[in-house]
Amino acid sequence: MSNVKNGVLSLSEIKKILDNFRIMGELISYEKINKGYINQTYNIKTLSEHNHIHQYILQRVNDYVFRDIEGLMRNVEIVTEHLRDSYILPGSRDGLSSTLSLKSTKAGKSFYRDEIGYWRIYKYFDNVKSFDIPDSPDVFRHAGEAFGLFIIKMSDVDPSSLAITIPNFHNTPARFEQLMEAVENDRVGRVKEVMLEIEIAKKFSHLYGVIAKPLEDGKIPMRICHNDCNLNNILFDYDTKLPVAIIDLDTVMPSSPLYDFGDSMRIGTNTSADDETDLSKVSCNLELYREYAEGFLSACGGILTKNELDLLPYASMVITVEDALRFLADYINGDIYYTSIAYPKQNLDRARNQFKLASDMHDKLPEIKKILSDIYKKYGYTSDLSI
Ligand code: ADP
Ligand code: MG
């Protein structure tokens, strides 16, 4: 059983799992999808009467990263049911919901548990592709619209009705404390080689509370957020490149949309790969920034408060520097969280890269403010930036 746990499952093992779900047809083939980093995902094909082929997504939920799977699956049920009739993206198939839809088990539950772990099945979106980085400004703007639409469509659900699937997920001051602890412990003797990066982390410390503090004080609201706004969590139509669906709902929980916005910018606007070591190649592409901001704010800017709009320019650099803190702390701890490294110093390279990107965003703050204030003006949103 132990070698089954992380390896690819056999046809008969998959069949045994599928037998517990209400799906059409008999399993004929399956393929492991290696796109995501968190869950174990399979594309399943079944054959039913009259030679009908059906496709599904089978996933084993990562129960190391997520400790409360029952709470997580309840969240997914709440979100998918709420969005079923209202969340429709421009590439929607036949006007159908643009989010995941769960197949129930024969026992009427949304997941099945066996000795390997927790399994769920989703409806499959056919003829789609996803992008790790934007291949055009349009794709990035559409992603902004899709993540923004998610915020607005979930805004009439009480955030406290959702379980916290990862505690302290975006708590930037706590991330800094964790870095300081890692430095103090110096478990694997790496502190001496990262003194410069530790100094950079300290220099950014005035930023750490910029979103976390007003969120804690109630000056900006908790809203239901996606919390994993990676471009590859939007599926696009293979031919038209219009957005078809938003996926990966495991981290949906109460947070600030500023983090969602900032995280998409961190991933999508970087002009280099996230482990590029030639730091002169690392910068924030403001053209792409404008596209995403336009998409996101056209969808959900109308519900954001003045305080949120005032703080939005800082969001991308706060989240980027938060990411740098996490990579640096992990490097110092001996690569125990980000274990998928291709070479020994990759996490340190990622930390340096993210610090450089954050500092470029810092330098570009006046331009970023101008981009956002133009958009606020266009849509009539009130903020100190638009005065
Ligand atoms: P992870 O949390 O590991 O990132 P995801 O839920 O994002 O897992 O799924 C991993 C990949 O599987 C996605 O990037 C996408 O390519 C594919 N995928 C997931 N759900 C579907 C679906 N319903 N239809 C088609 N492809 C899907
Ligand atoms: Mg994903």
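It should be noted that the structure appears before, not after, this text.
What counts, and at which threshold
Residues numbered from 1 in each chain as written. Chains lettered and ligands numbered in written order. Predicted model: local features only at pLDDT ≥ 70, side-chain atom pairs only at ≥ 80, totals over all residues. Heavy atoms only, no water. Near = heavy atom within 4 Å. Polar contact = N/O pair within 3.5 Å; in protein donor to acceptor, adjacent residues only side chain to side chain. Areas by Shrake-Rupley, 256 points an atom, 1.4 Å probe, with all protein chains shown as cover. Nonpolar A, V, L, I, M, F, W, Y, C, P; charged D, E, K, R; others polar. Helix = DSSP H or I, 4+ residues; strand = E, 2+ residues; numbered from the N terminus. Buried < 20%, exposed > 50% of the residue type's maximum accessible area, 1.4 Å probe, protein only. Donors = N, O, S within 2.8 Å, 3.2 Å for Na, K, Ca; no water. Expected span 1.5 Å × (residues − 1). Contact = heavy atoms within 4.5 Å.

Undergrad: How should the site of ligand 1 be read in this particular structure?
TA: Taken together, 18 residues are adjacent to ligand 1, and Ile 38, Asn 39, Gln 59, Lys 123 and Phe 125 come closest. With respect to ligand 1, the backbone of Ile 38 contributes an N or O atom lying 2.9 Å from an oxygen atom. Contact between ligand 1 and Asp 248: an oxygen atom at 3.0 Å from a side-chain N or O atom of the residue. Relative to its unbound accessible surface of 540 Å², ligand 1 loses 93% to contact with the protein. Within the shell around ligand 1, the residues separate by chemical class into nine nonpolar, six polar and three charged.

Undergrad: How should I be thinking about unusual backbone geometry in this particular structure?
TA: Leave glycine aside and you will find that most residues have negative phi; peptide bonds, for their part, are mostly trans. Located in the positive-phi region is Asn 227, a residue other than glycine, with phi close to 70°. One non-glycine residue with positive phi stands out, namely Asp 248, at about 60°. Its place among the elements puts Asp 248 in the loop between β10 (243-246) and β11 (253-255). Among the residues examined, Asp 248 registers a relative accessible area of 23% and is labelled partly exposed.

Undergrad: How should I be thinking about the coordination of the magnesium ion (ligand 2) in this particular structure?
TA: Reference values for coordination geometry: four tetrahedral donors around a metal ideally subtend 109.5 degrees, six octahedral donors ideally subtend 90 or 180 degrees. Every protein donor of the magnesium ion (ligand 2) is accounted for by Asn 233 (OD1) and Asp 248 (OD), and the metal-donor separations fall at 2.2 to 2.4 Å. Here the residue Asn 233 occupies a position in the loop between β8 (223-225) and β9 (234-237), and Asp 248 occupies one in the loop between β10 and β11, the gap between them amounting to 15 residues.

Undergrad: Could you clarify how one ought to interpret helix α5 (residues 172-185) in this entry?
TA: In an α-helix there are 3.6 residues to a turn, and that puts residues three or four apart on one side. When the terminal C-alpha atoms of α5 are compared, their 20 Å separation across 14 residues agrees well with the 20 Å that a helix rising 1.5 Å per residue should span. All of the buried residues in α5 are Thr 172, Ala 174, Arg 175, Phe 176, Leu 179 and Ala 182. Where the residues of α5 are buried, they touch α6 (195-203), α8 (257-268) and α10 (306-333). After α5 finishes, the residue Asp 186 shows a positive phi value of roughly 40°.

Undergrad: Teacher, can you tell me more about α8 here?
TA: With 12 residues, α8 should cover 16 Å at 1.5 Å per step; its first-to-last C-alpha distance of 16 Å lies within 8% of that length. The buried fraction of α8 is high, at 12 of 12 residues. Among the residues making up α8, those that are buried are Pro 257, Leu 258, Tyr 259, Asp 260, Phe 261, Gly 262, Asp 263, Ser 264, Met 265, Arg 266, Ile 267 and Gly 268.

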